[in-house]
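Commentary on secondary and tertiary structure
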Amino acid sequence: MGFISFNLEFYKNELENLKTAPVSEETIYRAKQLLKMLDDLVDEGYTELNQKSEETFSGVSKLRAYLKENHSEPFPIFRNPFSGMDLPYEQRACELTEALDELTLKAEKSSDVCDHAFLSELIDFCNWIGYEEDTAYIFLLRDTLLPFISYQNKRRKHIYPWLLGRKTLTKLTGKENVDDEIRSPIFQVLESGRCRNTDDFFGMVLPEIRSFLKKYPEIGKSFLPMLGEIGEKKIIVVESGCSGTFPMLLKSLDDRVDFRMYTTYPYLLKIYGDRIYTSKYECARFFETFYSQDLYFRFSDFRDGKFYVQKCEHREIERRAVAEIKGMLQLSETGLL
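Focus on the overall build of the protein
- Looking only at helices and strands, one finds 16 helices and seven strands in the protein.
- Here the protein, with 337 residues, has 55% of them falling under the buried criterion.
- For the protein, the accessible area works out to roughly 15900 Å², and carbon and sulfur atoms hold 47% of it.
- Of the side chains in the protein, 46 bear a positive and 55 a negative charge, and the two mean positions are spaced by 2 Å.

Some thoughts on the sheet that holds strand β7 (residues 306-311)
- Read from one edge to the other, the open sheet built from three strands follows the order β1-β7-β6, with strand pairing classed as antiparallel. On the outer flanks of this sheet lie β1 (94-95) and β6 (297-303), each paired with one strand and no other.
- When β1 meets β7, the two strands line up antiparallel, connected through two bridges. Each bridged residue has a counterpart across the sheet, and for C94 the counterpart in β7 is V309.

Side note on the pattern of salt bridges
- Applying the stated criterion to the full structure yields 29 salt bridges.
- With its nearest N and O atoms 3.7 Å apart, the salt bridge here joins K106 to E102. Of this pair, K106 and E102 both sit in helix α5 (residues 96-109), four residues apart, which is roughly one turn of the helix.

Re the sheet that holds strand β3 (residues 159-162)
- Across the sheet, which stays open at both edges, the four strands sit in the order β3-β2-β4-β5 with parallel pairing between neighbours. Pairing within the sheet leaves two strands with one partner each, and these edge strands are β3 and β5 (257-261). Strand-to-strand, the axes of this sheet are offset by a mean angle of 25 degrees, without reference to chain direction.

With respect to unusual backbone geometry
- A cis amide bond links L141 to the next residue, R142, at an omega of 20 degrees.
- Among the structural elements, R142 can be located in the loop between β2 (135-140) and α7 (145-153).
- Backbone geometry at D304 places phi at a positive 55 degrees, although glycine is not the residue there.
- Following the sequence through the fold, D304 ends up in the loop between β6 and β7.
- Residue D304 is classed as exposed on the basis of its relative accessible area, which comes to 74%.

Some thoughts on the pairing of strand β4 (residues 234-239)
- Most of β4 is tucked away: five of the six residues are buried.
- Of the strand pairs in this sheet, β2 and β4 are connected by five bridges, and their pairing is parallel. Paired with T135 across the bridge in β4 is K234.
- Regarding topology, helix α12 (residues 245-253) serves as the crossover connection from β4 to the parallel β5, and that connection is right-handed.

Remarks on the nonpolar core
- One finds W162, F201, F223, M248 and Y272 to be the most contacted residues of the largest nonpolar core, which totals 118 residues.
- Top element by residues in this core is helix α10 (residues 198-213). It accounts for eight residues.
- The contacts of F201, once residues within four sequence positions are left out, are I186, V189, L190, C195, M248, L268, I271 and Y272.

Considerations on the side chain of D254
- Tracing the sequence through the fold places D254 in the loop between α12 and β5.
- Note on D254: relative accessible area 12%, which makes it buried.

Quick notes on the environment of E48
- By secondary structure assignment, the location of E48 is in helix α3 (residues 48-57).
- What makes E48 partly exposed here is its relative accessible area of 39%.
- The spacing of E48 and I28 is 20 residues in sequence and 25 Å in space, taken between C-alpha atoms.

Let's talk about helix α11 (residues 217-228)
- An ideal rise of 1.5 Å per residue puts 16 Å on 12 residues; α11 measures up with 16 Å between its terminal C-alpha atoms.
- Considered for burial, the residues of α11 that qualify are I219, G220, S222, F223, M226 and L227. Taken end-on, α11 shows its buried residues confined to a sector of 165 degrees, consistent with a single buried face. Looking at α11, the residues exposed on the side facing more than 90 degrees away from the buried face are K221 and G228.

Focus: the packing of aromatic side chains
- All chains considered together, the criterion is met by 37 aromatic pairs.
- The interplanar angle of 10 degrees and the centroid separation of 6.5 Å between the aromatic rings of F6 and F10 together place this pair among those described as stacked. In this pair, F6 and F10 are both assigned in helix α1 (residues 3-20), four residues apart and thus about one turn of the helix distant. For the pair formed by F6 and F10, the shared burial category is buried.
- An aromatic cluster of at least three residues, connected via ring pairs, comprises F78, F118, F125, W128, Y262, Y277, F286, F287 and F290.
- Above the face of the Y131 ring, R156 is positioned so that its terminal group lies 4.9 Å from the ring centre.
- The ring of Y308 is capped by R303, whose NZ or CZ atom sits 3.9 Å from the centre of that ring.

Definitions and cut-offs
Residues numbered from 1 in each chain as written. Predicted model: local features only at pLDDT ≥ 70, side-chain atom pairs only at ≥ 80, totals over all residues. Heavy atoms only, no water. Helix = DSSP H or I, 4+ residues; strand = E, 2+ residues; numbered from the N terminus. Buried < 20%, exposed > 50% of the residue type's maximum accessible area, 1.4 Å probe, protein only. Areas by Shrake-Rupley, 256 points an atom, 1.4 Å probe, with all protein chains shown as cover. Lys, Arg positive; Asp, Glu negative; His and termini not counted. Charge placed at Lys NZ, Arg CZ, Asp CG, Glu CD. Pairing = 2+ DSSP bridges. Salt bridge = Lys/Arg side-chain N within 4 Å of Asp/Glu carboxyl O. Axes fitted to C-alpha atoms, helices over the stretch in contact; angles between N-to-C directions. Right-handed = clockwise from strand over helix to strand, strands pointing away. Core = buried A, V, L, I, M, F, W, Y, C linked by side-chain atoms within 4.5 Å. Contact = heavy atoms within 4.5 Å. Expected span 1.5 Å × (residues − 1). Arc of directions from axis to C-beta. Phe/Tyr/Trp six-rings, centres within 6.5 Å; stacked < 30°, edge-to-face > 60°. Lys NZ or Arg CZ within 6 Å of the ring centre and 35° of its normal.

Note that all results are geometric; they support no functional claim without further evidence.
Below, the structure written as structure tokens:
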């Protein structure tokens, strides 16, 4: 049981529903979302679900045919024109908070301002997350760098940028794709059909993640002290989406942790409930196509409870990243509560 088997059954059922239900705006939108999920996975290099769904029940072909028959186009794939290129990065590694301060200072002095419409959506996302005095906020970078900058610009206290991702876990464990193992209990529980509500979900998934962490004790040894240094009663982990792997990892380590995500997969919307800002999964990749969040910083190291990054030396990427920060700073002055 796992991500592939669960999703194959999910797609099989969804295609059957599309086949039998009257065509409407809702069914066309659903088909577009379903195809977008597969397209995004392929774009990120995960091709197995796409291939197996096509081999087993012509999943991709049927979704494309459904949209074509109903005069609709798939959601576009958002790509950075520089993604996949062999970009130059500084040899020197810089501590993450220092690097963020330096980037913010450059933006404050810059005359270039990004006017991407999604920046305003990020401000709305931040307002939805809110701010409470007795709560700490951990922003999972790279994808929530811009929301972190907006909170920092409003001089919010108890906010922490953590570059916690796949590369960080590889550095800690010496093994690649450890996040897939952490994610596995989420889909095992979903596939079991025993999950009736959110409490059931957390009650079954979190012990499995804790059990998994015994296999990689260095993860707990690294992040438990960092969480322990946070004195607030509650900790909100902020992420773009979609499975909630890293928020669930941190929740398994500290009972104070809860999380807020921009979006998630359709089948997790009810489970995560009011922890999710929007059901518009198709917007998730906007987070990953901002230059400041996708390309400007590259993970370099994690040691002594601190994250280190290398900065991109490509002038155009730096210019665009700075402009994005400038745009977010300006919007947060008037738009962030």
